[in-house]
Amino acid sequence: MHEDGIGGGDQAATPASGTHLEQPAFLALERELTVLLRRARANQGEMAREVHPDLESSAYGLLVRLDECGKQRATELAAYIGVGKATMSRQLHALEDLGLVAREPDPADGRAWLVALTEEGRDRVGRVREARRARYAGRLAHWDPAEVTELARLLGRLNQGMEK
């Protein structure tokens, strides 16, 4: 158990490790994450429609990943998003049909392809992301900037822990 009272590693995920799962902190965490994730799913659908009216909600994350990281192989995107090859292929074809992504040969491996945002895709995703950040800034305007920084740090730590 860490000094902050939050279990680490496998210890926190093992129900047999004791009654610490019933602690108010873990009950509150579960409740607040449930609300946050429900809202995030709803917002993802709205953001996807802002990028393109025909864009599937689940494909928005792919566009953000490409916006942040640049060209990637479909296998890398599938691993990051956590979907299978067939699902990734279907989503990429849909994004290509909408003119948001394009494929190009991978110079490191002639058998592989890289996926990248098109100029149209980059413009659309950029506008939606900027609008989303503006909404966050408006909703959190009454927060101390250090609190926003700390929230981002803690969410990053949580996301890293979920990758294990």
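What this report covers is the structure whose coordinates are included nearby. Fair warning: this is a prediction, and the values are worked out from it, not measured in the lab. (Residues numbered from 1 in each chain as written. Predicted model: local features only at pLDDT ≥ 70, side-chain atom pairs only at ≥ 80, totals over all residues. Heavy atoms only, no water.)

Considering the pairing of strand 2 (residues 101-106)
What counts is decided by this rule: Here, strands pair whenever DSSP counts at least two bridges between them. Secondary structure elements follow DSSP: runs of H or I of four or more residues count as helices, runs of E of two or more count as strands, with numbering from the N terminus.
One ladder, built from six bridges, connects strand 2 with strand 3 (residues 109-117); its direction is antiparallel. Looking across to strand 3, one finds that Val 101 is bridged to Leu 117. Hairpin geometry of strand 2 and strand 3 is characterised by an intervening segment of two residues between the two adjacent antiparallel strands.

Re the environment of Thr 118
Note the threshold: Contacts: residue pairs with any heavy atoms within 4.5 Å of one another. Residues adjacent in sequence count toward polar contacts only when both atoms are side-chain atoms; beyond that, a polar contact is any pair of N or O atoms within 3.5 Å, and within protein one must be able to donate a hydrogen and the other to accept it.
Checked against the element boundaries, Thr 118 lands in the loop between strand 3 and helix 6 (119-139). It is 5.0 Å that separates the C-alpha atoms of Thr 118 and Val 101, two residues lying 17 residues apart in sequence. Ignoring anything within four residues of it in the chain, the contact list for Thr 118 reads Gly 99, Leu 100, Val 101 and Ala 102. Of the polar contacts made by the side chain of Thr 118, one reaches the backbone oxygen of Gly 99; its length is 2.6 Å.

Comments concerning the packing of helix 3 (residues 60-69) against helix 6
Two quantities define a packed helix pair, namely the angle between the helix axes and the distance between the axes. How we decide: In this analysis, axes come from line fits to C-alpha atoms, helices being fitted only over the stretch in contact, and the angle between any two N-to-C directions falls in the range 0 to 180 degrees. The scheme is simple: roughly parallel for angles under 35 degrees, roughly antiparallel for over 145, roughly perpendicular for 65 to 115, oblique for anything else. Nonpolar residues are Ala, Val, Leu, Ile, Met, Phe, Trp, Tyr, Cys and Pro. Charged residues are Asp, Glu, Lys and Arg, and all others, Gly as well, are polar.
Between helix 3 and helix 6, the shortest axis-to-axis distance is 10 Å and the interhelical angle comes to 100 degrees. By the angle class used here, helix 3 and helix 6 are roughly perpendicular. Contacts from Tyr 60, Leu 63, Val 64, Asp 67 and Glu 68 of helix 3 reach helix 6 at Arg 122, Val 125, Val 128, Arg 129 and Arg 132. Class assignment of the residues belonging to the contact of helix 3 with helix 6 gives a composition of five nonpolar, no polar and five charged.

Comments concerning the packing of helix 2 (residues 24-51) against helix 3
Relative orientation of the contacting elements helix 2 and helix 3 amounts to 70 degrees, with a least axis distance of 9 Å. Relative to helix 3, the element helix 2 is oriented roughly perpendicular. When helix 2 is examined against helix 3, the residues Gln 44, Met 47, Ala 48 and Val 51 are found in contact with a partner set consisting of Tyr 60, Gly 61 and Leu 63. Its residues assigned to classes, the contact of helix 2 with helix 3 shows five nonpolar, two polar and no charged.

Concerning the environment of Lys 71
Put simply, the rule is: Per-residue accessibility, obtained with a 1.4 Å probe over protein chains only, is compared with the maximum for each type, and a residue is labelled buried under 20%, exposed over 50%, and partly exposed between these values.
By secondary structure assignment, the location of Lys 71 is in the loop between helix 3 and strand 1 (72-73). Classification of Lys 71 as partly exposed rests on a relative accessible area of 48%. In the structure, Lys 71 is positioned 43 residues away from Leu 114 in sequence and 5.8 Å away in space, judged by C-alpha atoms. Separated by 2.8 Å, the side chains of Lys 71 and Glu 104 make a polar contact.

Concerning the packing of aromatic side chains
Spelled out, the test is: Each Phe, Tyr or Trp ring (for Trp, its six-membered ring) is paired with any other whose centre lies within 6.5 Å, and the angle between the two planes then decides the class: stacked below 30 degrees, edge-to-face above 60, tilted in between. Our definition puts a charge over a ring when NZ of Lys or CZ of Arg is within 6 Å of the ring centre and also within 35 degrees of the ring normal.
Following the criterion strictly, the structure yields zero aromatic pairs and no others. Lying over the aromatic face of Tyr 80, Arg 65 brings its terminal NZ or CZ to 3.7 Å of the ring centre.

Description of a nonpolar patch on the surface
Convention followed: Candidate patch residues must exceed 30% relative accessible area and have no salt bridge, after which like charges are joined if within 9 Å and Val, Leu, Ile, Met, Phe, Trp or Tyr side chains if within 5 Å. Shrake-Rupley sampling with a 1.4 Å probe provides the accessible areas, and residues are treated as covered by the protein chains on show and by no other component. Salt bridges are counted wherever a side-chain nitrogen of Lys or Arg sits within 4 Å of a carboxyl oxygen of Asp or Glu.
A surface patch of nonpolar side chains, amounting to about 370 Å² of accessible area, comprises Leu 36, Trp 143, Val 148, Leu 151 and Leu 155. Ranked by residues supplied to the nonpolar patch, first place goes to helix 7 (residues 145-162) with three residues. Relative to the assigned elements, Leu 36 resides in helix 2. Its relative accessible area of 43% is what places Leu 36 among the partly exposed residues.

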